[in-house]
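Chain by chain, the residues:
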Amino acid sequence: MRKIVSFAHVSLDGFVAATDEGMASLGWINLSDEMFEYVEQRIQQTDTALYGRVTYQMMESYWPTAAEQPGASRHDHAHSRWYKTARKIVLSKTLLEKDHPNTQIISSNLSAEIGKLKHNAGSEILVFGSPSATHALMAENLIDEYWLFVNPIVLGQGIPLFKNIKDRTALTLVKSKIFASGVVCLHYEVKRKQ
């Protein structure tokens, strides 16, 4: 069965976005070539991305043409190539599927629709950022793994990664990696009751 993997940058105090508007809300994220290389190796193992509407629209505005821009980095080329071929799933009540090729829109019956996806053939499904979508998936206990990139910053306020959690969830640390920038990647699996 396919797994749903939350892939998120988080501040030391648990926020995935600051209170600023738009991309400025992510300006605190510490990025490096070392991290891009590590993340690209991981992303190349999957063929499906899941987003909330806001993150999806942000991605769509950049990644399809990122490699064509002057001064595009090696990361821009690699991720743009992957993004264009990846299957996209978007949790949204406002987007229409016919307007977004190679994209499945889920607007209702979240648990049942994600259950179908998990039983289909394919690789893991990576949830990139997308705090609202992540919160909806958490509420239904649908996330199987977390890849958290803990940034060495305390924001004090913003959008929390974990919100409206009803049940205690045990996790197993699978792997960790410390980057020269001070960011720590923590890979956790959710412990499921047998």
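Refer to the preceding data block for the structure.
It should be emphasised that the depicted structure is a prediction, and the values quoted were computed from it without experimental measurement.

Draft legend 1. Focus on the overall build of the protein. On a plain count of helices and strands, the protein comes out with 5 helices and 10 strands. For 194 residues, the compact-globule estimate of 2.2 N^0.38 gives 16 Å, and the protein sits close to it at 16 Å. Each principal axis of the C-alpha atoms in the protein carries an extent, and together these give about 45 × 40 × 30 Å. Classification of the 194 residues of the protein by burial places 44% in the buried group. Long-range pairs, those at least 24 residues apart, make up 71% of the contacts in the protein with a sequence separation of at least 6. For the protein, the exposed surface amounts to about 10,600 Å²; the carbon and sulfur share of it is 53%. Of the side-chain charges in the protein, 21 are positive and 20 negative, and the distance between the mean point of each set is 7 Å.

Draft legend 2. How the structure looks around the pairing of strand S1 (residues 4-11). For S1, a buried count of 8 out of 8 residues is recorded, marking the element as mostly surrounded by other parts of the structure. Covered by surrounding structure in S1 are Ile4, Ser6, Ala8 and Val10 together with Val5, Phe7, His9 and Ser11, the residues of both alternating faces. Alignment of S1 against strand S6 (residues 125-128), held across 4 bridges, turns out to be parallel. Among the inter-strand pairings, Val5 is bridged to a residue of S6, identified as Leu126. As paired elements, S1 and strand S7 (residues 145-151) share 7 bridges and run parallel to each other. Residue pairing across strands places Val5 opposite Glu145, the latter belonging to S7.

Draft legend 3. Broad picture of the sheet that holds S6. In space, the 8 strands of this open sheet follow the order S5-S4-S3-S6-S1-S7-S10-S9, with mixed pairing throughout. Single-partner strands in this sheet number two, and they are strand S5 (103-106) and strand S9 (171-178). Averaged over all neighbouring strand pairs, the angle between strand axes comes to 20°, with direction disregarded. Note: strand S3 (residues 48-52) against strand S4 (residues 87-91), 5 bridges, orientation parallel.

Draft legend 4. Structural view of the pattern of salt bridges. Under the criterion given, the structure shown has 9 salt bridges. Here Arg2 ties to Asp47 by a salt bridge, and the two come within 3.7 Å at their closest N and O atoms. Of this pair, Arg2 sits in the segment before S1 while Asp47 is found in the loop between helix H1 (33-43) and S3, placing the two residues 45 residues apart along the sequence. By relative accessible area, Asp47 is classed as partly exposed at 37%. Here Glu189 and Lys3 are joined by a salt bridge, their closest N and O atoms 3.7 Å apart. Of this pair, Glu189 sits in strand S10 (residues 184-190) while Lys3 sits in the segment before S1, and the two are 186 residues apart along the sequence. Given the relative accessible area of 29%, Glu189 is considered partly exposed. Overlapping salt bridges, with partners in common, bring together Lys3, Glu145 and Glu189 in one network.

Cut-offs used in this document
- Residues numbered from 1 in each chain as written.
- Predicted model: local features only at pLDDT ≥ 70, side-chain atom pairs only at ≥ 80, totals over all residues.
- Heavy atoms only, no water.
- Helix = DSSP H or I, 4+ residues; strand = E, 2+ residues; numbered from the N terminus.
- Rg over C-alpha atoms; globule rule 2.2 N^0.38 Å.
- Buried < 20%, exposed > 50% of the residue type's maximum accessible area, 1.4 Å probe, protein only.
- Contact = heavy atoms within 4.5 Å.
- Areas by Shrake-Rupley, 256 points an atom, 1.4 Å probe, with all protein chains shown as cover.
- Lys, Arg positive; Asp, Glu negative; His and termini not counted.
- Charge placed at Lys NZ, Arg CZ, Asp CG, Glu CD.
- Pairing = 2+ DSSP bridges.
- Axes fitted to C-alpha atoms, helices over the stretch in contact; angles between N-to-C directions.
- Salt bridge = Lys/Arg side-chain N within 4 Å of Asp/Glu carboxyl O.

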